Amino acid sequence: MSGETHTGVLSLSDDEDDFEDDEEPLPELSGTLCKWTNYLHGWQDRYIVLKDSTISYYKSEDETAFGCRGAVSVLKAHVSPHQFDECRFDVSVNDSVWYLRASNPEERQTWIDAIELHKQQADSTYGSENSLRRHGSMLSLTSGASLSQASSSSFKRGRGLKEKLAEMETFRDILCRQIDTLQSYFDSCASAVTHGVVHDLATEHDDLDDDLDSPNNATTHDVHSLKLEDLRGRDLASILQQHGGHAVDFKGEALTFKATTAGSIVTLSHCIELMGQREEAFKRRLDREIEKRKKFEEAYKTLMTDRNKKVILGGPDYEARPHCLITEDEFYDAVDATLDKLEKEEEKKKKLEVPSKPELATSLSPDHPFYNEVNEIVSNHLRRLLSEVKEPKDDWMCIVDQGDLKVFKRELEENGVPLDPMKAVCTVKGMTGHEVCHYFWAFDTRMEWEATLEASRVVEWLSDDTFISNNIIKRVWPASQRDACFWSHMRHISKSNDEGPDSWIVVNYSCEHDDCPPTKYVRITMNVALICETIIEPPVSGNITRDNITCKITYTADVNPGGWAPASVLRAVYKREYPKFLRRFTTFVEEKTHNKDIMF
């Protein structure tokens, strides 16, 4: 090695495979899936597109040219198949959740696999700006310039740190071999000195110098010739024997050393730059981790602050149904909170346009389709009222006792749905039974006192005292929104004797009508009656005033909610709402009749 010209080329490359410049693009996936929109519209068909590690949706395939309605990156998305629904899967990013449903389990699995594939690709290319591509290098040790150019060229191609370390290993091996060569030469010289050969040569060399200093000195060439001739013999043979085999090509070794050290310096510079780039990458990553930590700390603080608050997620799993994920306590809390909100609303209620009251007969004619049903239901309520003293006391359970207001119930369930009959008895002063029943029956003032209604309309007038109404009840989440279609009838009850109280009755009873078919709401059925008796205390003198009037109100209700709801929740709501409803309604009647003539 030491005596040859270094014209060979050293090739260094990493053991790892090179990255391809052009990666195979991921397949795109698109199709129509069912997406949960909201409680009002439920599941709707949406056109879903998975492309470039982003999943987006459109209302339909025809609207793709107008922009998507929503999109999320799959990099941080979590995909989870539903536990019970074999066609459904959920895609969540932070607080945003997409509930999707395929037409069959195979299609669902296709979508899940495609999303996971895009997610893995996004994860692998995340931080690609910091990645350095590795390529083979061609190094020549014959010239420091060529080595520098090769290293600079390879740096531009983005060679990896591992390859540079391999180059440093090669340079170290070259330098070690040079050191071994020089060390062997110097060891031989030291051995010659130890045996005195150098001393003998030095003495003879001094004699030659004396000859050269004489006036009759010869030319330089003659002197060297004379020196070699005089050194023949035992000493010269000994020196050649010891050092002739260890002659060193100092010029070649110097070139090799220069090229090697130059290559080492360039490679070290390259390593420093690579480490600098990686340091910047690590710094950016550290900054991102610090930001994440701050966000997590803030989220933790917020969670600890709100840990006592009930948090109920929205979605189809939390809809009112037998397998609802929320507990009965959470269900009641949600209903309770929504009812409170409805009470505090002071917005102006919008009234739907209703047909004007036509000129009709005062009462239903015997040949009217509803005549028999109306008379039968009214008669049943009157019989219940008159026979209540004969019923065993254990049949009714008092759940509210506020002195002048009492509420009773009887627990009854059918197929897991509570159908508890309710009865309330209330006594109020300053109004007649006719006035109370009039405002309970009148459709034009119903929205003023009934806070739980979203809308109310008259479907058809049957007579002067009977009409068919449709009420849309405000939604109380998480329960489904409900409506009711019923006929409402008001009647004056004939006295059995002249001394008996003057009585009126209003009955609301569920029915069907062609102009009010069941639609998107859960339809409830009901049988409600309001019976009011007017008790008059004759004044000592003068005319009867409102101070002399007392009204005894008996309110009965048999309501089927029409769908599943926890029995304990419904009973708790009934216990809370019935007294409030009667208080609110009687207060409304009192305000309406305060400055008006008494309606007997």
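Every value quoted in this text rests on a predicted model; they were computed, and no experiment measured them.

Draft legend 1. Examining the side chain of R46 more closely. Relative to the helices and strands, R46 is located in strand 3 (residues 42-51). Although R46 lies buried, it forms no salt bridge, and the closest oppositely charged side chain, D45, sits 7.3 Å away as judged by the N-O distance.

Draft legend 2. How the structure looks around the state of the cysteines. Enumeration according to the criterion identifies 0 disulfides in this entry. With no disulfide of its own, C532 has C437 as its nearest cysteine by sulfur position, at a separation of 3.6 Å.

Draft legend 3. Molecular detail of the environment of T432. Relative to the elements of secondary structure, T432 occurs in the loop between strand 14 (422-429) and helix 10 (433-441). For T432 and E533, which are 101 residues apart along the polypeptide, the C-alpha to C-alpha distance reads 7.6 Å. With sequence-adjacent residues up to four places away left out, T432 is seen in contact with T534, I549, C551, I598, M599 and F600. At a separation of 2.5 Å, a polar atom in the side chain of T432 contacts the main-chain carbonyl oxygen of M599.

Draft legend 4. How the structure looks around the sheet that holds strand 8 (residues 96-101). Strand order in this open sheet of 7 strands is 5-4-3-2-8-7-6, and the pairing throughout is antiparallel. A single partner strand is all that each edge strand has here, and the edge strands are strand 5 (70-73) and strand 6 (78-81). Taking each pair of neighbouring strands and ignoring which way they run, the sheet shows an average axis angle of 30°. Note: strand 6 against strand 7 (residues 88-93), 4 bridges, orientation antiparallel. Bridging across to strand 7, H78 finds its partner in S92.

Draft legend 5. Geometry of the pattern of salt bridges. Within this structure, the stated rule accounts for 14 salt bridges. A salt bridge links E435 to R546, with the shortest nitrogen-to-oxygen separation between them at 2.9 Å. Of this pair, E435 sits in helix 10 while R546 is found in the loop between strand 20 (525-536) and strand 21 (549-560), placing the two residues 111 residues apart along the sequence. Side by side, E435 and R546 carry an identical accessibility label, which is buried. Within this structure, E413, D420 and R571 form a network of salt bridges that share partners.

Draft legend 6. Summary view of the side chain of D90. The residue D90 is located in strand 7 in this model. Judged by its relative accessible area of 11%, D90 is buried. At 3.1 Å, the side chain of D90 and the side chain of R88 are in polar contact. With residues near it in sequence (within four places) discarded, D90 still touches H78, V79, S80, V97, W98, Y99 and L100.

Draft legend 7. Spotlight on the pairing of strand 10 (residues 397-401). In terms of strand pairing, strand 10 meets strand 11 (residues 405-409) through 4 bridges, oriented antiparallel. Each residue of the ladder has a partner; that of M397, found in strand 11, is K409. Counting the residues that bridge the hairpin from strand 10 to strand 11 gives 3 residues, and of these G403 lies at a positive phi of roughly 80°.

Draft legend 8. Structural detail: the nonpolar core. V436, F440, L530, I553, Y555, Y578 and F585 are the most contacted members of the largest nonpolar core, which has 41 residues in total. Setting aside anything within four residues of it in sequence, one finds L530 in contact with V436, C437, F440, W504, I505, V506, I553, T554, Y555 and F585. Counting 20 residues, the second-largest nonpolar core is a separate cluster that includes L29, V79, L100 and A114.

Draft legend 9. Representation of a nonpolar patch on the surface in the model. A cluster of nonpolar side chains, contributed by I536, I544 and F600, occupies part of the molecular surface with about 260 Å² of accessible area. Within the secondary structure, I536 sits in strand 20. Take I536: its relative accessible area is 34%, and that puts it in the partly exposed class.

Draft legend 10. Here's a closer look at the confidence of the model for the protein chain. For the protein chain, the mean per-residue pLDDT works out to 75, and 68% of the residues sit at or above 70. Across residues 126-158, confidence stays below pLDDT 50; counting only partners more than four residues off in sequence or on other chains, it has 74 contacts. Predicted confidence is poor over residues 211-221, with pLDDT under 50, and the contacts of this stretch with residues over four places away or in other chains come to 4 contacts.

Draft legend 11. Spatial organisation of the packing of aromatic side chains. Counted according to the given criterion, the structure contains 19 aromatic pairs. In this structure an aromatic cluster arises from ring pairing among F440, W449, Y555, Y574, Y578, F581 and F585. In this structure, K423 packs its charged tip against the face of W396, placed 4.6 Å from the ring centre. Over the face of the ring belonging to F408 we find K423, whose NZ or CZ atom lies 5.8 Å from the ring centre.

Draft legend 12. Looking closely at helix 12 (residues 567-593). The terminal C-alpha atoms of helix 12, which comprises 27 residues, lie 38 Å apart, in line with the 39 Å expected from a rise of 1.5 Å per residue. Along helix 12, the sharpest kink reaches roughly 25°, centred on E577 and followed within four residues by the proline P579.

Draft legend 13. Representation of the packing of helix 10 against helix 12. Remark: helix 10 packs on helix 12, axes separated minimally by 10 Å, with the N-to-C direction vectors making an angle of 110°. Looking at the two axes, helix 10 sits roughly perpendicular to helix 12. Across from E435, V436, Y439 and F440 in helix 10, the residues of helix 12 making contact are F581, F585, F588, V589, K592 and T593. For the contact of helix 10 with helix 12, a count of residues per class yields 7 nonpolar, 1 polar and 2 charged.

Draft legend 14. Structural context of the pairing of strand 7. By the criterion of burial, strand 7 is predominantly enclosed, with 6 of the 6 residues buried. Counting the residues in the hairpin turn of strand 6 and strand 7 gives 6 residues. Two strands pair when backbone bridges link them, and strand 7 and strand 8 are joined in this way by 6 bridges, in the antiparallel orientation. Each bridged residue has a counterpart across the sheet, and for S92 the counterpart in strand 8 is V97. From the end of strand 7 to the start of strand 8, which pair antiparallel, there are 2 residues, and N94 there has a positive phi angle of about 55°.

Definitions and cut-offs
Residues numbered from 1 in each chain as written. Predicted model: local features only at pLDDT ≥ 70, side-chain atom pairs only at ≥ 80, totals over all residues. Heavy atoms only, no water. Helix = DSSP H or I, 4+ residues; strand = E, 2+ residues; numbered from the N terminus. Buried < 20%, exposed > 50% of the residue type's maximum accessible area, 1.4 Å probe, protein only. Lys, Arg positive; Asp, Glu negative; His and termini not counted. Salt bridge = Lys/Arg side-chain N within 4 Å of Asp/Glu carboxyl O. Disulfide = S-S within 2.5 Å. Contact = heavy atoms within 4.5 Å. Polar contact = N/O pair within 3.5 Å; in protein donor to acceptor, adjacent residues only side chain to side chain. Pairing = 2+ DSSP bridges. Axes fitted to C-alpha atoms, helices over the stretch in contact; angles between N-to-C directions. Core = buried A, V, L, I, M, F, W, Y, C linked by side-chain atoms within 4.5 Å. Patch = residues over 30% accessible without salt bridge, like charges linked within 9 Å, V, L, I, M, F, W, Y side chains within 5 Å. Areas by Shrake-Rupley, 256 points an atom, 1.4 Å probe, with all protein chains shown as cover. pLDDT = per-residue confidence, 0-100. Phe/Tyr/Trp six-rings, centres within 6.5 Å; stacked < 30°, edge-to-face > 60°. Lys NZ or Arg CZ within 6 Å of the ring centre and 35° of its normal. Expected span 1.5 Å × (residues − 1). Bend = angle between axes of the 7 residues up to and from the residue. Parallel < 35°, antiparallel > 145°, perpendicular 65-115°, else oblique. Nonpolar A, V, L, I, M, F, W, Y, C, P; charged D, E, K, R; others polar.

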